[in-house]
Amino acid sequence: MGCWTTGFSFGHLRAQSRVSVFLTMLLLFTYVFYCLTGCCDLTPSPLYERQTFRNKLSSEELRGNASRQGSVDGAAEEEDTKHAPSDSSNLSMANSFGSKELPQAIIIGVKKGGTRALLEFLRVHPDVRAVGAEPHFFDRFYDKGLEWYRNLMPRTLEGQITMEKTPSYFVTREAPARVFAMSRHTKLIVVVRDPVTRAVSDYTQTLSKNPGLPSFQNLVFKNSTTGLIDTSWSAVRIGIYAKHLENWLRYFPLSRLLFVSGERLVTDPAGEMGRVQDFLGLKRVVTNKHFYFNQTKGFPCLKKPEGSSRPRCLGKSKGRAHPQIPSEVLLRLRDFYRPFNLKLYQMTGQNFGWE
Ligand SMILES: Nc1ncnc2c1ncn2[C@@H]1O[C@H](COP(=O)(O)OS(=O)(=O)O)[C@@H](OP(=O)(O)O)[C@H]1O
């Protein structure tokens, strides 16, 4: 009886150790497989970075994103999770090679100019790696330091360009000095759009979040009888491009800046992309064959965006219908902007054709 009990215990123990060896092997195998698919980054970014970046920095973009299917406007981090399985594993692989670098080129503005479209079009280029969400480093999070900023960037290989877009940089007083302190060689891209349409687009976005907002005409005038425009309203202020540009030219020569026409980005995306690729010193890879005009959307869309095998347009928050604004209000605003527009044409040597 005693012998039987002892024999049983040994057998039991042997079985137990076999199970634990099996479990250890299984764990090891799973870990190795996990790493091979690029999911175990050896230099993981701090939890703060991941959470804050997703939840706070890009909240506007991510919020828009959550409700969309098959769109590319918003944080790429979120979008990547919506790709087909093969696409996402390719992306994980891509994310595990190379090193994180500070951006060599930044889309600094302007809000509602077409910055998302430009970034997504650029991401088609194999030599461009860009962070999808807006980091807001040079305006809101500068005190977090350059290392924090660099950690937000995707990994790049030799010869690839790191990019980001945060349209509010263009109108941030401190931004030029800060970007200059990072690198005087940073290439700066500004997508400009008719300031009147831009103001209406800006207003439309705010209205979509706050339906109780006063009317455009109520906000645009300081004094509606005299027709005095309220330049303290950000929707108006952002469109005084020449003023903001003066601020950048204190630090950067004009040759470091490229002005993209927001209008032509819609009517001739390949043409504008040609200029952008030249400016960035890239081969002209993104061409006409990458775009098609989507009649329903009313905008050019990508045949195959980065990491996807399906054509995709930007989401619902891009290309919204604008509310009807009385024509006399728009005319008054147009008069207001005219001298600033002419100044911009003179400063840049480009006529954007806004009447
Ligand atoms: N291809 C394509 N698809 C959709 N939308 C396009 C495209 N190209 C330019 N646009 C215009 O981009 C406007 C939004 O600009 P931004 O992306 O700079 O907006 S944001 O500042 O990031 O919120 C957006 O403004 P609204 O039309 O007022 O919504 C569009 O007119």
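Given the structure is predicted, the values throughout are model-derived calculations rather than measurements.

## Structural notes on the overall build of the protein
If you tally the helices and strands in the protein, you get 15 helices and eleven strands. Counting over 355 residues, the protein shows a buried share of 45%. In the protein, the share of contacts with a sequence separation of at least 24, taken over all contacts with a separation of at least 6, comes to 72%. As presented, the protein carries roughly 18,200 Å² of accessible surface, and 58% of it is formed by carbon and sulfur atoms.

## Comments concerning the pattern of salt bridges
All told, the structure shown has twelve salt bridges when counted by the stated rule. The shortest N-O distance in the salt bridge between Lys-165 and Glu-134 comes to 2.8 Å. In this pair, Lys-165 sits in strand β5 (residues 161-165) while Glu-134 sits in the loop between β3 (128-130) and α7 (146-152), placing the two residues 31 residues apart along the sequence. Accessibility expressed as a relative area gives 1% for Lys-165, which makes it buried. The exposure class of Glu-134 is buried, given its relative accessible area of 12%. Here Arg-264 ties to Glu-272 by a salt bridge, and the two come within 3.2 Å at their closest N and O atoms. In the salt-bridge network here, residues are joined through shared partners; they are Lys-111, Arg-198 and Asp-202.

## Focus: the UniProt feature "binding site: 3'-phosphoadenylyl sulfate" (unreviewed entry) in the protein
Following the UniProt record, the feature "binding site: 3'-phosphoadenylyl sulfate" (unreviewed entry) maps to Lys-112, Gly-113, Gly-114, Thr-115, Arg-116, Arg-193, Ser-201, Lys-318, Gly-319, Arg-320, Ala-321 and His-322 here. When neighbours within four sequence positions are excluded, Gly-113 is seen to be in contact with Val-191, Arg-193 and Gly-262. Take Gly-114: its relative accessible area is 26%, and that puts it in the partly exposed class. In this view, Gly-114 contacts Val-191 and Leu-265; residues no more than four positions away in its chain are not counted.

## Some remarks on helix α8 (residues 175-182)
Turning to α8, its buried residues number three or more, namely Ala-175, Pro-176, Val-179 and Met-182. Projected down its long axis, α8 shows its buried positions confined to an angular sector of 120 degrees, all on one face. Elements in contact with the buried residues of α8: β2 (105-109), α7, β6 (187-192) and α12 (241-249).

## Regarding the packing of helix α9 (residues 195-209) against helix α15 (residues 327-348)
Contact pair α9 / α15: the axes reach a minimum separation of 9 Å and the direction vectors enclose 125 degrees. In this view, α9 runs oblique relative to α15, as classed from their interaxial angle. Residue-level inspection shows Pro-195, Val-196, Ala-199 and Val-200 of α9 in contact with α15, the latter providing Leu-330, Leu-333, Arg-334, Tyr-337 and Asn-341. Here the contact of α9 with α15 is built from residues that sort into seven nonpolar, one polar and one charged.

Cut-offs used in this document
- Residues numbered from 1 in each chain as written.
- Predicted model: local features only at pLDDT ≥ 70, side-chain atom pairs only at ≥ 80, totals over all residues.
- Heavy atoms only, no water.
- Helix = DSSP H or I, 4+ residues; strand = E, 2+ residues; numbered from the N terminus.
- Buried < 20%, exposed > 50% of the residue type's maximum accessible area, 1.4 Å probe, protein only.
- Contact = heavy atoms within 4.5 Å.
- Areas by Shrake-Rupley, 256 points an atom, 1.4 Å probe, with all protein chains shown as cover.
- Salt bridge = Lys/Arg side-chain N within 4 Å of Asp/Glu carboxyl O.
- UniProt positions renumbered as here; feature names shortened; annotations may be inferred.
- Arc of directions from axis to C-beta.
- Axes fitted to C-alpha atoms, helices over the stretch in contact; angles between N-to-C directions.
- Parallel < 35°, antiparallel > 145°, perpendicular 65-115°, else oblique.
- Nonpolar A, V, L, I, M, F, W, Y, C, P; charged D, E, K, R; others polar.

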